[in-house]
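Residue strings, one per chain:
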Amino acid sequence: MTGRSRTRLDRVRASAGIVKLAVQQIEDELGGPVDAEFLAGTLRELFDDAFPQDGVLGSLSQLLTVASRAAALTPLDGEDAESAACAIEEAAAFVADSTGMRLHLATSTLHPQGERS
């Protein structure tokens, strides 16, 4: 790994650390008793059915899509970069489709009228 790559990785680690802190803050908010409307609202911040790309899971899916494109362009010694790219792309689709749909179903159960406000 070159010095430049190490610096880039350090920036990624710092950003990932910020994300972990943000997730911890959300976990702390859910740590005590909550009502269904609050829980549904919190989950809707993770996935918004009307605009999936606006939620946290939409952002994660977009990040994985970008990583997939990078993987496809990454030279690997004797390995198929396209296989890695495909696996990452499938992970992105799973986050957006499967996880998001399950959260949508949960939020509809918790608070059916719960339009984002």
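Just so we're clear, the structure is a prediction, and the values are computed from it rather than from any experiment.

Cut-offs applied
Residues numbered from 1 in each chain as written. Predicted model: local features only at pLDDT ≥ 70, side-chain atom pairs only at ≥ 80, totals over all residues. Heavy atoms only, no water. Axes fitted to C-alpha atoms, helices over the stretch in contact; angles between N-to-C directions. Helix = DSSP H or I, 4+ residues; strand = E, 2+ residues; numbered from the N terminus. Parallel < 35°, antiparallel > 145°, perpendicular 65-115°, else oblique. Left-handed = near helix turned anticlockwise from the far one by under 90°. Contact = heavy atoms within 4.5 Å. Nonpolar A, V, L, I, M, F, W, Y, C, P; charged D, E, K, R; others polar. Patch = residues over 30% accessible without salt bridge, like charges linked within 9 Å, V, L, I, M, F, W, Y side chains within 5 Å. Areas by Shrake-Rupley, 256 points an atom, 1.4 Å probe, with all protein chains shown as cover. Salt bridge = Lys/Arg side-chain N within 4 Å of Asp/Glu carboxyl O. Buried < 20%, exposed > 50% of the residue type's maximum accessible area, 1.4 Å probe, protein only. pLDDT = per-residue confidence, 0-100. Expected span 1.5 Å × (residues − 1). Bend = angle between axes of the 7 residues up to and from the residue. Lys, Arg positive; Asp, Glu negative; His and termini not counted. Charge placed at Lys NZ, Arg CZ, Asp CG, Glu CD.

Colleague: How should I be thinking about the packing of helix α2 (residues 36-46) against helix α4 (residues 81-110) in this particular structure?
Modeller: When two helices pack together, you describe them by how their axes are tilted relative to each other and by the distance separating the axes. Here α2 crosses α4 at 160°, and the two axes come no closer than 9 Å. By the angle between their axes, α2 is roughly antiparallel relative to α4. Crossing of α2 against α4: the hand is left-handed. In this structure, α2 contributes Ala36, Leu39, Ala40, Leu43, Arg44 and Leu46 to the contact, and α4 contributes Leu103, Thr107, Ser108 and Leu110. Here the contact of α2 with α4 is composed, by residue class, of seven nonpolar, two polar and one charged.

Colleague: How should I be thinking about a nonpolar patch on the surface in this particular structure?
Modeller: Where nonpolar side chains cluster on the molecular surface, the patch consists of Ile26, Leu30, Val34 and Phe38 and spans about 280 Å² of accessible area. Take leucine 30: it is sitting in the loop between α1 (3-29) and α2.

Colleague: Can you help me understand the pattern of salt bridges in this one?
Modeller: For side chains bearing opposite charge, pairing can occur when the charged atoms are close. Enumeration according to the criterion identifies one salt bridge in this entry. Notably, a salt bridge pairs arginine 13 with aspartate 10, separated by 3.8 Å at the nearest N-O pair. A residue pair is termed a helical-turn pair when its members lie 3 or 4 positions apart in one helix, as arginine 13 and aspartate 10 do in helix α1 at three residues. The class for arginine 13 is exposed, based on a relative accessible area of 54%.

Colleague: I keep staring at the confidence of the model for the protein chain and nothing clicks. Help me out?
Modeller: Reading fine detail from the predicted coordinates is not recommended where pLDDT is low. Per-residue confidence for the protein chain gives a mean pLDDT of 87, with 93% of residues at or over 70. For the protein chain, the element scoring lowest by mean pLDDT is α4, at 88; α1 scores highest, at 93.

Colleague: For this particular structure, what's the right way to read α2?
Modeller: Owing to its 3.6 residues per turn, the α-helix brings residues three or four apart onto one side. Every buried residue of α2 is listed here: Ala40, Thr42, Leu43 and Arg44. Where the residues of α2 are buried, they touch α1 and α4.

Colleague: Looking at this model, I keep getting lost on α4. Mind explaining?
Modeller: Taking 1.5 Å of rise per residue, the 30 residues of α4 would be expected to cover 44 Å, and the 42 Å separating its terminal C-alpha atoms lies within 8% of that figure. Where α4 bends most, the angle comes to about 35°, and this point is phenylalanine 94. When we look at burial in α4, the residues that qualify are Ala81, Ala85, Ala92, Val95, Ser98, Gly100, Leu103 and Thr107. Along its buried surface, α4 packs onto α2 and α3 (56-72).

Colleague: Sorry, what's going on with a negative patch on the surface here?
Modeller: On the surface, Asp77, Glu79, Asp80 and Glu82 cluster together into a negatively charged patch. Here aspartate 77 is to be found in the loop between α3 and α4. Judged by its relative accessible area of 76%, aspartate 77 is exposed.

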